[in-house]
Amino acid sequence: IALPPRPPAHEEPVVLLLSAKGPEALEHNTRNLAAWMEAQIAEGRAPRPLADVAHVLARRRKVFPHRRVVCARSWQDAAGALATPARWTTGRAVSGTPKVFFVFPGQGGLRPGALARIASADGLFKAHLETVAGAASAELGFDLVRWFTDPDADMTPMRQDNAKAQLAIFSVDLALARWLEDHGVRADGFVGHSLGEWVAAQIAGVVDLESAVRAVHERGRLMQSTGKGAALIVRISEHGALRYAVEPVALACVNGPELVLLTGPEGAIAETERRLAADGVAYKRPPIDVAVHSSCMDAILPAFREALAGLTLQPATRPILSTV
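Reference entry: report on the structure contained in this document. The shown structure was predicted, so the numbers you read here are calculated from the model rather than taken from an experiment. Sequence order as written defines residue numbering, which begins from 1 separately in each chain. Only residues with pLDDT of 70 or above have their local features reported here, since the model is predicted, and side-chain atom pairs are shown and tallied only from 80 upward, although totals for entire chains, interfaces and linings are computed over all residues. Only hydrogens and water are set aside when side-chain values are computed; all heavy atoms of the structure are taken into account.

1. Some words on the overall build of the protein
Convention followed: We count a stretch as a helix when DSSP gives it H or I for four or more residues in a row; a strand needs E for two or more, and each element gets its number in order from the N terminus. Remark: exposure states derive from per-residue accessible area (1.4 Å probe, protein chains only) relative to the maximum for the residue type, with buried under 20%, exposed over 50%, and partly exposed in between. Contact definition: two residues touch when any of their heavy atoms are within 4.5 Å. In short, Shrake-Rupley with a 1.4 Å probe defines the accessible areas, and a residue's cover is counted only from the protein chains shown. For the charge count, each Lys or Arg is scored as positive and each Asp or Glu as negative, with His and the chain ends excluded. Lys charges are placed at NZ, Arg charges at CZ, Asp charges at CG and Glu charges at CD.
Across its full length, the protein carries 13 helices and ten strands. When the backbone C-alpha atoms are referred to their principal axes, the protein occupies close to 70 × 45 × 40 Å. Counting all 324 residues of the protein, 45% fall into the buried class. When contacts within the protein are restricted to residue pairs at least 6 apart in sequence, long-range pairs at least 24 apart make up 76% of them. Carbon and sulfur atoms form 54% of the exposed surface of the protein, whose accessible area is close to 16,800 Å². Side-chain charges of the protein comprise 35 positive and 34 negative groups, with the mean position of each set lying 7 Å from the other.

Here it is in structure tokens:
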């Protein structure tokens, strides 16, 4: 790799891609790249940014089926990583051109400061976060960007206000999707669970950002108005879960052959919890304080339909697989 020297600078993490026709050749290429980098450092040369090496490897080399990637921050770090198998991710490419779908989650775990590291290390991601979360913050009157980047921020607002929690997850989903596409990971389609459908709708061009933010905010506000609720993630089959659910607990989601979500009023969930514990069935409570996807939501549907009537919707420009 012939690169003219440039003074070293602070560098963001980059991914080095190596490939070969077979496993032995891949090992040979890895050793060669490590040795070349160590020689550059030992000879006192001032190499160009590591991102330039990553670009040459990814864009100016023919890519073969056997591949290895290494993430590093500097030349010294890269040389060490290339000599450390624990820092490698190695595999073989699938045949043909696989499709990529972005899968957007609904409500779940949130913690303050969760995005501090990536926002400080990656200016592009920070810009997307500030755009999306900035629009959500204006709707909420609450600074989501600061909350996401401050590990000492208070968790209470998210637990007490479902609108804040939903717009927080919406912001992370959409910012990450835009960031990935900027890095060349373009999705062939989208699928979203619960509020994740709104992320899919926005990125597929069905609704603009401001309208999506207003809809998610209204959705969360109305759901909060239904009162205290709870949920259980249970490692059991769909039919098995129904045997333990105390009325009016609902089977909210079937996430796998033996992984379901039950939701309902706090008292009924607590009784269901006792039944599960008595039989040794594995479960845990997610940080959800409303009875999502249950009959408790029926009362708010007319108001939500009315709120959505003012939105301008467009045909999707990219495929969406709906979970409705």
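2. Quick word on the sheet that holds strand S2 (residues 66-72)
Defined as follows: In short, DSSP must find at least two bridges between two strands for them to pair. Interaxial angle, 0 to 180 degrees, is taken between N-to-C directions of lines fitted to C-alpha atoms, where a helix line uses only the stretch in contact.
On the basis of which strands lie adjacent, the open sheet formed by three strands has the order S1-S2-S3 and antiparallel pairing. The two strands at the open ends of the sheet, each matched to only one other strand, are strand S1 (14-20) and strand S3 (88-92). The sheet shows a mean angle of 20° between the axes of neighbouring strands, direction not considered. Set on the sheet, helix H1 (residues 23-42) makes contact with S1, S2 and S3; between it and S1 the angle comes to about 135°. Here helix H3 (residues 75-82) sits on the sheet in contact with S1, S2 and S3, set at roughly 140° to S2.

3. So, the nonpolar core
So the rule is basically this: The nonpolar core is taken to be a set of buried Ala, Val, Leu, Ile, Met, Phe, Trp, Tyr and Cys residues, with the residues joined through side-chain atoms within 4.5 Å.
The biggest cluster of nonpolar side chains holds 57 residues, and the ones touching the most others in it are Leu 144 and Phe 170. Among the secondary structure elements, those contributing two or more residues to this core are strand S4 (101-104), helix H5 (123-140), helix H6 (144-149), helix H8 (162-182), helix H9 (196-203), helix H10 (209-224) and strand S7 (250-256). Counting residues per element, this core draws most heavily on H8, which supplies eleven residues. In contact with Leu 144, other than residues within four places in its own chain, are Ala 133, Ala 136, Ser 137, Met 158, Lys 164, Leu 167, Ala 168 and Ser 171. With 20 residues, the next largest nonpolar core counts Val 53, Trp 75, Leu 82 and Trp 88 among its residues.

4. Description of H10
Formally: The span one expects for a helix is its residue count, reduced by one, times 1.5 Å. Residues adjacent in sequence count toward polar contacts only when both atoms are side-chain atoms; beyond that, a polar contact is any pair of N or O atoms within 3.5 Å, and within protein one must be able to donate a hydrogen and the other to accept it.
When the terminal C-alpha atoms of H10 are compared, their 22 Å separation across 16 residues agrees well with the 22 Å that a helix rising 1.5 Å per residue should span. Counting buried positions along H10 gives twelve out of 16 residues, so the element sits mostly inside the fold. Leu 209, Ser 211, Ala 212, Val 213, Ala 215, Val 216, His 217, Glu 218, Arg 219, Gly 220, Leu 222 and Met 223 are the residues of H10 that are buried. Turning to H10, the residues buried within the fold contact H5, H8, H9 and helix H13 (301-308). The backbone nitrogen of Glu 210 has a side-chain oxygen 3.2 Å away, supplied by the residue at the start of H10, namely Asp 208.

5. Describing helix H2 (residues 50-59)
Of all the residues in H2, the buried ones are Leu 50, Asp 52, Val 53, Ala 54, Val 56 and Leu 57. The elements touched by buried residues of H2 are S1, H1, S2 and H3.

6. Notes on the packing of aromatic side chains
Our working definition: Pairing of aromatic rings covers Phe, Tyr and the six-membered ring of Trp, with a centre-to-centre limit of 6.5 Å; geometry is then stacked below 30 degrees between planes, edge-to-face above 60, and tilted otherwise.
Counted according to the given criterion, the structure contains six aromatic pairs. Considering the side-chain rings of Phe 104 and Phe 190, the 6.0 Å spacing of their centres and the 20° angle between planes classify their relative orientation as stacked. Pair noted here: Phe 104 is in strand S4 and Phe 190 is in strand S5 (residues 189-192), with a separation of 86 residues, a long-range link. Neither residue differs from the other here; Phe 104 and Phe 190 are each classed as buried.

7. Observations concerning the environment of His 293
For His 293, the position within the fold is in the loop between strand S9 (283-284) and H13. Separated by twelve residues in sequence, His 293 and Arg 305 have C-alpha atoms that sit 16 Å apart. When near neighbours in sequence (up to four residues on either side) are disregarded, His 293 contacts His 193, Ser 194, Arg 219, Ala 250, Ala 252, Cys 253 and Thr 263.

8. Here we look at the sheet that holds strand S10 (residues 320-321)
With respect to topology, three strands assemble into an open sheet ordered S4-S5-S10, the strand pairing being parallel. Looking along the sheet, the strands with just one partner apiece sit at the ends: S4 and S10. Bridge count for S5 against S10 is two bridges, and the pairing is parallel. Residue Val 191 lies in a different strand from S10, and its bridge partner there is Leu 321. Sheet strands in contact with H8 are S4 and S5, and its direction is about 165° off that of S4.

9. A word on the packing of H5 against H8
Heads up, the condition is: When describing relative orientation, an angle under 35 degrees is termed roughly parallel and one over 145 degrees roughly antiparallel, while 65 to 115 degrees is termed roughly perpendicular and anything else oblique. In this scheme, a crossing is called left-handed if the near helix is turned counterclockwise away from the far one by less than a right angle; it is called right-handed if the turn is clockwise. Classification used: nonpolar for Ala, Val, Leu, Ile, Met, Phe, Trp, Tyr, Cys and Pro, charged for Asp, Glu, Lys and Arg, polar for all others including Gly.
Interaxial distance between H5 and H8 falls to 8 Å at its minimum, and their mutual angle equals 155°. In terms of orientation, H5 and H8 fall into the roughly antiparallel class. Judged by the twist between their axes, the crossing of H5 over H8 is right-handed. Packed against H5, whose contacting residues are Leu 124, Phe 125, His 128, Leu 129, Thr 131, Val 132, Ala 133, Ala 136 and Leu 140, the element H8 presents Ala 163, Lys 164, Leu 167, Phe 170, Ser 171, Leu 174, Ala 175, Leu 176, Arg 178, Trp 179 and Asp 182 at the interface. In terms of residue class, the contact of H5 with H8 is made up of 14 nonpolar, three polar and three charged.

10. Comments concerning the environment of Ile 236
Among the structural elements, Ile 236 can be located in the loop between strand S6 (229-234) and helix H11 (238-244). With a relative accessible area of 12%, Ile 236 lands in the buried category. In sequence terms Ile 236 and Val 281 are 45 residues apart; their C-alpha atoms lie 7.4 Å from each other.

As far as function goes, none of this settles anything; it's purely spatial.
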